Amino acid sequence: MNEWVEPTSLTESVKRALVLRNCTLLLVVVALVALEMRFDWAERLLGAYLVTTNNHRPESGAIWEVGHQTSAAREALEALVNERQSLQSQAEEAVSLAEIFGQLAQRDSLMLSADQFLRLYRALPDALRREVASPYHLLTLVHQGRWERTFFQKQGATIALHLLDGHNTVLSTLTISDTVQEYIDRGEVAVAGRLTSLSDFARQIYPANRFFQVLESLPEAVQRGILPQPESLLASPDRILRVGISSEAYDGTLTLGFEREGSDGPRVILVQGREWDVWQLARRLNDSGGITAPEMRFDQGGGGGQQ
């Protein structure tokens, strides 16, 4: 029978389809499909082939692009983490908040541990600490056991302090004004009001002219101990009216308060002086007659005198 001739009947077509060669080919195809579904041999074979040719194929296509983006993101993240760790290491080595502010001048933010922030906070003068944060508020956060980091962030002229827990949740936010920053940089602080409103100075308030006369009569080394940076008091055009000396020493220092009257009302600039040097000044002032707050009045020139 000539198989190249079109079959003349259905029976002949079936006979041709069921010949041994066709049946064998069909069984082989079915077996290959079954083995592929069971063992994935074709995919494994194709994968092995692609691995051997991988180095010779161009890096193109959607998968390569996703890989490139993932690799670039990982490298950027590692660089950011390394930078943050380096910045935090530098910040942790700071010995004052003034140094932290100096670092913030070069960048927008930095991180400190809670312990390091508290160390710098405790190094501030007592009145200046209250301008930064309430010690009672910080005490509450410390004993809650959640505060772990302090994030400094520049916001215009002010600095925001975000107190964070271990999951970077903000527990509290504090704000340091540009004025307080300036006083921290200069090692002094100003508070609104008069000396008479500050209980530390109630017993020792003197007219400014007498204070500076006695100060000038002391040896220069003693003067420097009392006013380490006298130039800072020359920065303001407002005249100093009265000077108070704190009645309590802290860590070898006494606080001096310089009362000014400016366009924004009365303010007291607080400066830390060495306890022994300030005590010598106070003794001379008291020998010449100190002026306490209830006895104080001002003349038109602002020098003051007794009633």
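It should be noted that the structure appears before, not after, this text.
In short, a report on the structure. (Residues numbered from 1 in each chain as written. Predicted model: local features only at pLDDT ≥ 70, side-chain atom pairs only at ≥ 80, totals over all residues. Heavy atoms only, no water.)

1. Topic: the overall build of the protein chain
- Within the protein chain one finds twelve helices and eleven strands.
- Of the contacts made within the protein chain by residues no fewer than 6 positions apart, 53% connect residues no fewer than 24 positions apart.
- Surface summary for the protein chain: the accessible area is close to 19,200 Å², and the carbon and sulfur share equals 55%. (Helix = DSSP H or I, 4+ residues; strand = E, 2+ residues; numbered from the N terminus. Contact = heavy atoms within 4.5 Å. Areas by Shrake-Rupley, 256 points an atom, 1.4 Å probe, with all protein chains shown as cover.)

2. Re the environment of Gly 273
- Relative to the helices and strands, Gly 273 is located in strand E9 (residues 265-274).
- Owing to a relative accessible area of 2%, Gly 273 belongs among the buried residues under this scheme.
- Put simply, Gly 273 and Arg 224 are 49 residues apart on the chain and 8.4 Å apart in space, counted from C-alpha to C-alpha.
- With residues near it in sequence (within four places) discarded, Gly 273 still touches Gly 225, Ile 226, Gly 252, Thr 253, Leu 254, Leu 256 and Val 278. (Buried < 20%, exposed > 50% of the residue type's maximum accessible area, 1.4 Å probe, protein only.)

3. Observations regarding the pattern of salt bridges
- All told, the structure shown has seven salt bridges when counted by the stated rule.
- We note a salt bridge from Glu 148 to Arg 149, for which the minimum N-O separation is 3.9 Å.
- Among the salt bridges present, the one from Glu 259 reaches Arg 242, with a minimum N-O distance of 3.0 Å. Of the two residues, Glu 259 sits in strand E8 (residues 253-262) while Arg 242 sits in strand E7 (residues 240-245), which places them 17 residues apart along the sequence.
- For Glu 259, a relative accessible area of 0% corresponds to the buried category.
- Ionic contacts of the salt-bridge type, sharing partners, join the residues Arg 194, Arg 242, Glu 259 and Glu 261 into one network. (Salt bridge = Lys/Arg side-chain N within 4 Å of Asp/Glu carboxyl O.)

4. Quick notes on a nonpolar patch on the surface
- Taken together, Leu 25, Val 29, Val 33 and Met 37 make up a surface patch of nonpolar side chains, about 420 Å² in accessible area.
- Within the secondary structure layout, Val 33 lies in helix H2 (residues 20-39). (Patch = residues over 30% accessible without salt bridge, like charges linked within 9 Å, V, L, I, M, F, W, Y side chains within 5 Å.)

5. Quick notes on the packing of helix H6 (residues 114-122) against helix H8 (residues 135-144)
- Across the interface, H6 lies against H8 with an axial gap of 13 Å and an inter-helix angle of 155°. Regarding the angle of H6 to H8, the classification is roughly antiparallel. Once H6 is placed against H8, the crossing between them reads as left-handed. Residue-level contacts link Phe 117, Leu 118 and Tyr 121 of H6 to Pro 135, Leu 138 and Val 142 of H8. (Axes fitted to C-alpha atoms, helices over the stretch in contact; angles between N-to-C directions. Parallel < 35°, antiparallel > 145°, perpendicular 65-115°, else oblique. Left-handed = near helix turned anticlockwise from the far one by under 90°.)

6. Some words on the packing of aromatic side chains
- Here the structure, examined in full by the defined rule, presents seven aromatic pairs.
- On the numbers, 5.7 Å between centres and 85° between planes, the contact of Phe 211 with Phe 258 is edge-to-face. Of the two residues, Phe 211 is situated in helix H10 (residues 208-217) and Phe 258 in strand E8; the sequence distance between them amounts to 47 residues. Both residues of the pair, Phe 211 and Phe 258, count as buried.
- Residues Phe 212 and Phe 258 carry aromatic rings whose centres are separated by 6.2 Å and whose planes lie at 25° to one another, so their mutual orientation is stacked. Here the residue Phe 212 occupies a position in helix H10, and Phe 258 occupies one in strand E8, the gap between them amounting to 46 residues.
- When its relative accessible area of 28% is taken as the criterion, Phe 212 is described as partly exposed.
- What links up through ring pairs into an aromatic cluster is the set Phe 117, Tyr 121, Trp 147 and Phe 152. (Phe/Tyr/Trp six-rings, centres within 6.5 Å; stacked < 30°, edge-to-face > 60°.)

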